[in-house]
Amino acid sequence: MTERKSRKTGRSTELSRDAIKYIAVFAMLLNHIANLFFRESTIEYLVFTDIGYLTILIMCFFLVEGYRYTHSVKKYGERLLIFAFLSEIPYRLAFEKDTDFQPGSCNVLFTLLICFCLIHVISAATDGQTKAILIFLLLCAGGFCDWGFLAPVFTILFIWAEGSAERQKTVFLLDALLLGADCFVSGAFEGAWMTGLLNAAGGMTAALLAGVLILYCYEKEKKKHRGKWAKWFFYWFYPVHLMILTAVRAAIS
């Protein structure tokens, strides 16, 4: 029995944009389950957390692509802004470990909004000095959000690599190194050198897996008729799944 291959690409496996996004949100769900229900010293925590790292890379990649495809940059940005605010309370209820408000850790949809603004500035700003200032301010703003340093860097790299398969391969390798270094430093800073090494290996593996999904499995033809259900699912999933996980944790604690 032979594998069915694409007539245009010769690939044996094709995944749509939505299919890859479903993989990404499932990976994110595993990451959040680990953070809310597992002890940090367990292998389950390490594995589920590392799997979740591929989500941010996939989302940044499709954010760059989505900016090119969208019929309205303004409406795209407004949707990100609205759902970022809707998700903030569920995010804080899920991940804040005490009752003190922590202004330096807003949810990842704010990060994606900042990344979206970065794409717009890089694409639309014509004055070099103004562009540099705006990029700097947006990078600073990212410091107040989840994934606030790496996600903007990933986004800028994907913009640079857009349209070039060779550059995209290079970017995913760079992303893997950056993510691995961040994972290692986090573990080493807390004195857990071995955990840092294991987490770094897991983070790099997740980044490379994201690269495989995008570079070798993704069918890049834009569908003419995309269902609205799928479009809104990716926005609503984030706040809704956080509320459900928080409720489950409260019920079993």
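Residues numbered from 1 in each chain as written. Predicted model: local features only at pLDDT ≥ 70, side-chain atom pairs only at ≥ 80, totals over all residues. Heavy atoms only, no water.

A. Highlighting the overall build of the chain. Looking only at helices and strands, one finds ten helices and zero strands in the chain. Of the regular secondary structure in the chain, the N- to C-terminal order runs α-α-α-α-α-α-α-α-α-α. As displayed, the chain has an accessible area near 14300 Å², and 66% of this comes from carbon and sulfur atoms. (Helix = DSSP H or I, 4+ residues; strand = E, 2+ residues; numbered from the N terminus. Areas by Shrake-Rupley, 256 points an atom, 1.4 Å probe, with all protein chains shown as cover.)

B. Summary view of the pattern of salt bridges. Across all of its chains, the model carries four salt bridges by this definition. In this structure, the salt-bridge partner of E162 is R68, at a minimum N-O distance of 2.9 Å. A residue pair is termed long-range when its members are at least 10 positions apart, and E162 in the loop between helix 7 (150-161) and helix 8 (165-189) and R68 in helix 3 (residues 54-69) qualify at 94 residues. Taking relative accessible area as the criterion, R68 reaches 36% and is therefore assigned partly exposed. One salt bridge in this structure joins R92 and E96, with 2.4 Å as the shortest N-O distance. (Salt bridge = Lys/Arg side-chain N within 4 Å of Asp/Glu carboxyl O. Buried < 20%, exposed > 50% of the residue type's maximum accessible area, 1.4 Å probe, protein only.)

C. Highlighting the nonpolar core. The biggest cluster of nonpolar side chains holds 66 residues, and the ones touching the most others in it are I56, I58, L63, L80 and F158. Those residues within four positions of I56 in sequence are excluded, and the remaining contacts are V108, L112, W147, A151 and F154. (Core = buried A, V, L, I, M, F, W, Y, C linked by side-chain atoms within 4.5 Å. Contact = heavy atoms within 4.5 Å.)

D. Structural context of the environment of L36. You can see L36 is positioned in helix 1 (residues 17-37). Residues within four places of L36 in sequence aside, it is in contact with A94, F95, L245 and R249.

E. Representation of the packing of helix 3 against helix 5 (residues 108-124) in the model. The geometry of helix 3 relative to helix 5 is characterised by a closest axis approach of 10 Å and an angle of 40° between their N-to-C directions. Of the possible angle classes, the one that applies to helix 3 and helix 5 is oblique. As helix 3 packs across helix 5, the resulting crossing turns out to be right-handed. Residues I56, M59, L63, V64, Y67 and R68 of helix 3 form the contact with helix 5, whose participating residues are V108, L112, C115, F116, I119, H120 and S123. Within the contact of helix 3 with helix 5, the residues separate by chemical class into ten nonpolar, two polar and one charged. (Axes fitted to C-alpha atoms, helices over the stretch in contact; angles between N-to-C directions. Parallel < 35°, antiparallel > 145°, perpendicular 65-115°, else oblique. Left-handed = near helix turned anticlockwise from the far one by under 90°. Nonpolar A, V, L, I, M, F, W, Y, C, P; charged D, E, K, R; others polar.)

F. Seen up close, the packing of aromatic side chains. For the structure shown, the criterion picks out 19 aromatic pairs. Where Y22 meets F233, the ring centres are 5.5 Å apart and the plane angle is 55°; that geometry is what we call tilted. You can see Y22 sitting in helix 1 and its partner F233 sitting in helix 10 (residues 228-252), a full 211 residues away along the chain. In this structure Y22 comes out as partly exposed when scored by relative accessible area, which is 31%. Given the relative accessible area of 22%, F233 is considered partly exposed. Here K21 stacks its cationic end above the ring of F234, 5.3 Å away from the centre of that ring. Here the basic side chain of R79 rests over the ring of Y76, its NZ or CZ set 5.4 Å away from the ring centre. (Phe/Tyr/Trp six-rings, centres within 6.5 Å; stacked < 30°, edge-to-face > 60°. Lys NZ or Arg CZ within 6 Å of the ring centre and 35° of its normal.)

G. Seen up close, a nonpolar patch on the surface. Taken together, I82, L86, W232, W236, V240, M243, I244, V248 and I252 make up a surface patch of nonpolar side chains, about 840 Å² in accessible area. Residue classification places V240 among the partly exposed positions, given a relative accessible area of 32%. (Patch = residues over 30% accessible without salt bridge, like charges linked within 9 Å, V, L, I, M, F, W, Y side chains within 5 Å.)

H. Here's a closer look at the environment of F136. With respect to the helices, strands and loops of the structure, F136 is situated in helix 6 (residues 128-142). When its relative accessible area of 53% is taken as the criterion, F136 is described as exposed. Sequence spacing of F136 and L118 is 18 residues, and the spatial spacing of their C-alpha atoms is 9.6 Å.

I. Broad picture of the confidence of the model for the chain. For the chain, mean pLDDT is 88; residues scoring 70 or higher make up 88% of the total. Element-level mean pLDDT values for the chain span from 90 in helix 8 up to 97 in helix 7. Confidence over residues 1-9 falls short of pLDDT 50; this stretch has twelve contacts with residues more than four positions distant or in other chains. (pLDDT = per-residue confidence, 0-100.)

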